[in-house]
Amino acid sequence: MNSSGILSVVTFVYGFAAFLYLVSWIFKKPEPGRLGTWVVFAGLLGNVTGIAMRWMESYKLGYGHAPLSNLYESLVFFAATLAAVYLVIEKKYGNRIIGAFTMPFPFLAMAYASLSPNISDRIQPLLPALKSNWLIAHVVACFIGYAAFAVSFGLSIMYLIKDKDAEGKSRLLERFPKTGVLDELNHQMVMFGFLFLSAGIITGAVWANSAWGRYWGWDPKETWSLITWFIYATLLHARLMRGWHGRRIAYLSAAGFAAVLFTYFGVNLLPGLHSYGAMGQ
Amino acid sequence: MNSRKHSPIFNFFASVRLTVTVLLTLAATSVFGTVIPQNQNMDAYLHTYGRNLYRLFSVLDMFDMYHSWWFQLLLTLLAINIIVCSLERMPAAWKIVVKPPVFNPSRFSNAAFQRQVAIFSLDAARPVLEKALSRSIGRTRFEQTSQGYWLWSEKGRWTRMGVYIVHLSVVFLLAGGLIGSFWGFDGAVNIPEGESVKSVRVSNSGKSIPLDFEVRCDKFSVSFYDSGAPSEYRSTLTILEKGVPVLTRDVIVNDPLRYKGVNLFQSSYGSLPSQNLVLSFTSRATGMEYREKIAPGQTVSIPEGLGSFTITAFNKDYQYKGHEIGDAFVGMLTPPAGSPVEVVLPVKFPSFDKMRKGDVVVAIDETETRYYTGLQVTSDPGVWVVYSGFLLMIAGCIVTFFMSHQQVCIEVRMDEKIGGAVIRGIANKNKIGIQNKIDAVASAAAAIESKNKK
Ligand code: HEM
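Residues numbered from 1 in each chain as written. Chains lettered and ligands numbered in written order. Predicted model: local features only at pLDDT ≥ 70, side-chain atom pairs only at ≥ 80, totals over all residues. Heavy atoms only, no water.

## As for the packing of helix 4 (residues 69-98) of chain B against helix 6 (residues 162-183) of chain B
Residues and elements named next belong to chain B.
Here comes step 1: At a closest axis distance of 10 Å, the pairing of helix 4 and helix 6 adopts a crossing angle of 150 degrees. Of the possible angle classes, the one that applies to helix 4 and helix 6 is roughly antiparallel. As for the relative orientation of helix 4 and helix 6, their crossing is left-handed in sense. Two secondary-structure elements touch here, helix 4 through Leu 75, Leu 78, Ala 79, Ile 82, Ile 83, Ser 86, Arg 89, Met 90 and Ala 93 and helix 6 through Tyr 164, His 167, Val 170, Val 171 and Leu 174.
Here comes step 2: Among the residues forming the contact of helix 4 with helix 6, the class breakdown is 11 nonpolar, 2 polar and 1 charged. (Axes fitted to C-alpha atoms, helices over the stretch in contact; angles between N-to-C directions. Helix = DSSP H or I, 4+ residues; strand = E, 2+ residues; numbered from the N terminus. Parallel < 35°, antiparallel > 145°, perpendicular 65-115°, else oblique. Left-handed = near helix turned anticlockwise from the far one by under 90°. Contact = heavy atoms within 4.5 Å. Nonpolar A, V, L, I, M, F, W, Y, C, P; charged D, E, K, R; others polar.)

If you want it as structure tokens, here you go:
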């Protein structure tokens, strides 16, 4: 089996894990959740194997490069990071309901990468501008950041749901983490993501400077990553203002994640160019 | 921290409310420039938006919005906000950082986290607790009390500066950008192989500015993957000072040549007519082949009285009856009698002219592809300020997000028969971190103590 084959199986493994967490939460049965953890593990293992194989395959084709050079490869990397971040959180907080709200993301990312007709999973040689170690650092940092923001988005949804039920009437929400815990965890994810988004923008700027002689050119992709950065910087400061904990932070996190998605998918619909630009590259 | 002692204007500029407002406004307005293409020509805008919208957008500087006065004003506001806010808060934080550590037990009295460990002897417990404390925090201090003693340790005072490092980094980025926009330039130049230039054309004004040195392109080459996609563009450049070569280096995409603050980037290329062309003329009557050297614009006469031939043009991407045939020379063949005919000589198909079935077949015998390299030439004296800002931002974020000023104290006392050690900790943030620290101290102490007991 080649890497694309393995990675399309991984899609369903992640989907299955998300399903198990969901079942475990809704039917209040711990067993599916426990199984879910192992399934995520298996998925992550397959995901990483797929990435490694793809790397080797590119060398066999004679133009070896790190598998981080197009939309397909970056989505695959994104899914792996998300699964890994989720596993760390599960280990630390021991709450598997969070899995029901975060594991759908790696599943969707992989499904989109594998199934969308717009995205080619062919391994292609690198164009001259993409031959740079800064580019690898750029993609890695950005996608670790995006993964943290995706988790933060899942936590924000949980927060908003939990917060609606202030009196604790809903039986479904019994085992939800407390809003305080969700808020704190969300803050940690945003800090983590903000660090990596900053690093991603910075390495991207250094790369642009080595390829085109300018570190910043206000092209739509650059600008949207900056918009995302502004939103999360707002979030970090809003927490310092009275009355801005909780719901508003959750909304800001959702807005930030919307900006992340737009930076990644929406920008291709705008005029202008970024080397990743065209879909299906 | 005391907001009463400052004027309302100072408080306005120091407020986090302003920060949130400015950051959100920057985020929202930045969207426009990604939806409206920037720096296009007027006709394109008129065509897309119509007259009224065009007027509105022009008034608002929407066609170059990131350099508009109002966007720059927002950035300035952000800079002032950061500076004023730091001026207000940093002195207090700095005092904490530099003042000699003083142990103040009351600070720990309502610490959120504490653990208790049983001990059996004040004196035997001391080295154990000291060891546990210094292993997880740092140097340990001791203070005697009437019923026992305190042990106290702290670390990470300096991490309180992290957030100011982040804020300073933003100032660096803005300042570096400003320096670049005043004293930098961004230009382009095409240099044919073998030739040199002393000036470049600035991209946005079209003006030509002189360089302090001369740049010569010795050679340009392009290589391709099997699929035909380009794999590498490479220019060999030589820098000359007063006509004397001082440096020769290859430049490829992503690996520019930097010299005296000027950066030369590989950005495009193209081909030029060869100056040394050898043509062959084959007479149909005799079958003889004659070779003649010729340059563009020159005329040669063909033996056997077959007339004369002039190279009139060089054409990239020549279209022959609707087909792309690439680089081609175009010549004029003037026979002794009759009217001149145009002859196309594609570089890639040397014997193309056979098709014409004339009295003489003209073919390219020897040619060399001659390229020019297209370089982007930039200078940005602010880039090191910006890069310093980058480093500060990453370092500052790591310190701010993942480190904290942690203090742990252990109160040890012997009341009546049973002794106990209470471990308490406080931190300026990252409460989970300090909780783990206390647990670590407690279990280390318990482990050593139980071993000693045996
Ligand atoms: C783009 C600009 C800015 C960036 C990137 C930035 C970044 C940060 C970061 C990363 C933190 C740490 C947050 C946390 O620990 O959760 C922070 C805290 C803070 N920022 Fe900013 N900041 C910016 C602008 C400003 C401005 C203009 C002010 C002026 C009021 C400000 C005031 C503060 C304050 C008061 C804190 C809390 C410090 C503390 O915890 O003691 N920031 N900032």
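## Some remarks on the coordination of the iron atom of the ligand
Here comes step 1: Looking at the iron atom of the ligand, one finds its protein donor set to be His 237 of chain A (NE2) and His 167 of chain B (NE2), positioned 1.8 to 1.9 Å from the metal centre.
Here comes step 2: Classification of the site at the iron atom of the ligand rests on its 6 donor atoms, whose angles at the metal span 86 to 179 degrees, yielding the label octahedral. Of this pair, His 237 of chain A sits in helix 8 (residues 220-238) while His 167 of chain B sits in helix 6, on two different chains. (Donors = N, O, S within 2.8 Å, 3.2 Å for Na, K, Ca; no water. Tetrahedral: all angles 85-135°; square planar, octahedral: opposite > 155°, others 65-115°.)

## Considering the packing of aromatic side chains
Both the distance between ring centres and the angle between the ring planes are used here to describe each pair of aromatic rings.
Residues and elements named next belong to chain A.
Here comes step 1: Enumeration according to the criterion identifies 45 aromatic pairs over all chains in this entry.
Here comes step 2: Between Phe 105 and Phe 257 the ring centres are 5.7 Å apart and the planes differ by 65 degrees, which places this aromatic pair in the edge-to-face class. Highlighted residues: Phe 105 in helix 5 (residues 104-115) and Phe 257 in helix 9 (residues 247-264), separated in sequence by 152 residues. This pair shows no difference in class: Phe 105 is buried, exactly as Phe 257 is.
Here comes step 3: Arranged with centres 4.9 Å apart and planes meeting at 20 degrees, the rings of Phe 153 and Phe 257 form a pair that is stacked. Here Phe 153, found in helix 6 (residues 133-164), pairs with Phe 257, found in helix 9; they are 104 residues apart in sequence, far enough to count as distant. (Phe/Tyr/Trp six-rings, centres within 6.5 Å; stacked < 30°, edge-to-face > 60°. Buried < 20%, exposed > 50% of the residue type's maximum accessible area, 1.4 Å probe, protein only.)

## A word on the interface of chain A and chain B
Here comes step 1: On the side of chain B, 47 residues touch chain A, which itself brings 45 residues to the contact.
Here comes step 2: Together chain A and chain B conceal approximately 3,900 Å² of surface at their shared face, both sides included; 73% is due to carbon and sulfur atoms.
Here comes step 3: In this structure, the connection of chain A to chain B is made through 2 residue pairs in polar contact (both at pLDDT 80 or more).
Here comes step 4: No other element matches helix 7 (residues 179-212) of chain A, which puts 15 residues into the side of chain A that touches chain B. (Buried area = accessible area lost by both parts, 1.4 Å probe. Polar contact = N/O pair within 3.5 Å; in protein donor to acceptor, adjacent residues only side chain to side chain.)

## Side note on helix 3 (residues 71-93) of chain A
All names here are of chain A.
Here comes step 1: For helix 3, which comprises 23 residues, the first-to-last C-alpha distance of 32 Å matches the rise-based estimate of 33 Å (1.5 Å per residue) to within 8%.
Here comes step 2: Within helix 3, 18 of the 23 residues are buried, leaving the element largely enclosed by the surrounding structure.
Here comes step 3: Backbone geometry just downstream of helix 3 places Gly 94 in the positive-phi region, at approximately 60 degrees. (Expected span 1.5 Å × (residues − 1).)

## What to know about the sheet that holds strand 11 (residues 277-283) of chain B
Residue and element names in this part refer to chain B.
Here comes step 1: Spatial ordering of the open sheet is given by 12-11-19, a layout of 3 strands whose pairing is antiparallel. With one partner strand each, in any of the chains shown, strand 12 (289-294) and strand 19 (360-366) form the two edges of the open sheet. Pairs of neighbouring strands in the sheet enclose a mean axial angle of 30 degrees, with direction left out of account.
Here comes step 2: In this structure, strand 11 lies alongside strand 19, joined through 6 bridges in antiparallel fashion. Counterpart to Val 278 in the pairing with strand 19 is Glu 366. (Pairing = 2+ DSSP bridges.)

## Points about the pattern of salt bridges
Here comes step 1: Enumeration over the complete set of coordinates arrives at 18 salt bridges over all chains.
Here comes step 2: Between Glu 73 of chain A and Arg 54 of chain A there is a salt bridge, with the nearest N and O atoms lying 2.7 Å from each other. Within this pair, whereas Glu 73 of chain A is found in helix 3, its partner Arg 54 of chain A is found in helix 2 (residues 30-60), the two being separated by 19 residues in sequence.
Here comes step 3: Residue class for Glu 73 of chain A comes out buried when judged on its relative accessible area of 3%.
Here comes step 4: With a closest N to O distance of 2.6 Å, Glu 154 of chain B and Arg 157 of chain B form a salt bridge.
Here comes step 5: Here the salt bridges do not stand alone but share partners, grouping Glu 232, Arg 234 and Asp 250 of chain B into one network. (Salt bridge = Lys/Arg side-chain N within 4 Å of Asp/Glu carboxyl O.)

## Observations concerning the state of the cysteines
Here comes step 1: A complete count under the given rule lists 0 disulfides over all chains for this structure.
Here comes step 2: Looking at the unpaired Cys 142 of chain A, the closest cysteine sulfur is the one in Cys 397 of chain B, lying at 14 Å.
Here comes step 3: Here Cys 85 of chain B stays unpaired: no disulfide links it, and the sulfur of Cys 397 of chain B, its closest cysteine neighbor, is 15 Å away. (Disulfide = S-S within 2.5 Å.)

## Observations concerning the side chain of Asn 47 of chain A
Residue and element names in this part refer to chain A.
Here comes step 1: With respect to the helices and strands, Asn 47 occurs in helix 2.
Here comes step 2: Judged by relative accessible area, Asn 47 falls into the buried class, the value being 0%.
Here comes step 3: Sequence-distant contacts of Asn 47, that is, excluding residues within four places in its chain, are made with Leu 7, Val 10, Tyr 14, Val 76, Ala 79, Ala 80 and Met 110.

## Some thoughts on the site of the ligand
Here comes step 1: Taken together, 21 residues form the shell around the ligand, and within it His 187 and His 237 of chain A together with Asn 81, Cys 85 and His 167 of chain B come nearest.
Here comes step 2: Near the ligand, the surrounding residues are drawn from chains A and B.
Here comes step 3: Note that a nitrogen atom of the ligand is positioned 2.7 Å from one of the side-chain N or O atoms of His 167 of chain B.
Here comes step 4: Elements that contribute at least two residues to the shell around the ligand include exactly helix 8 of chain A together with helix 2 (16-35), helix 4, helix 6 and helix 7 (383-402) of chain B.
Here comes step 5: A total of 5 residues in the shell around the ligand trace back to one element, the largest contributor, which is helix 4 of chain B.
Here comes step 6: Split into classes, the residues belonging to the shell around the ligand amount to 13 nonpolar, 7 polar and 1 charged. (Near = heavy atom within 4 Å.)

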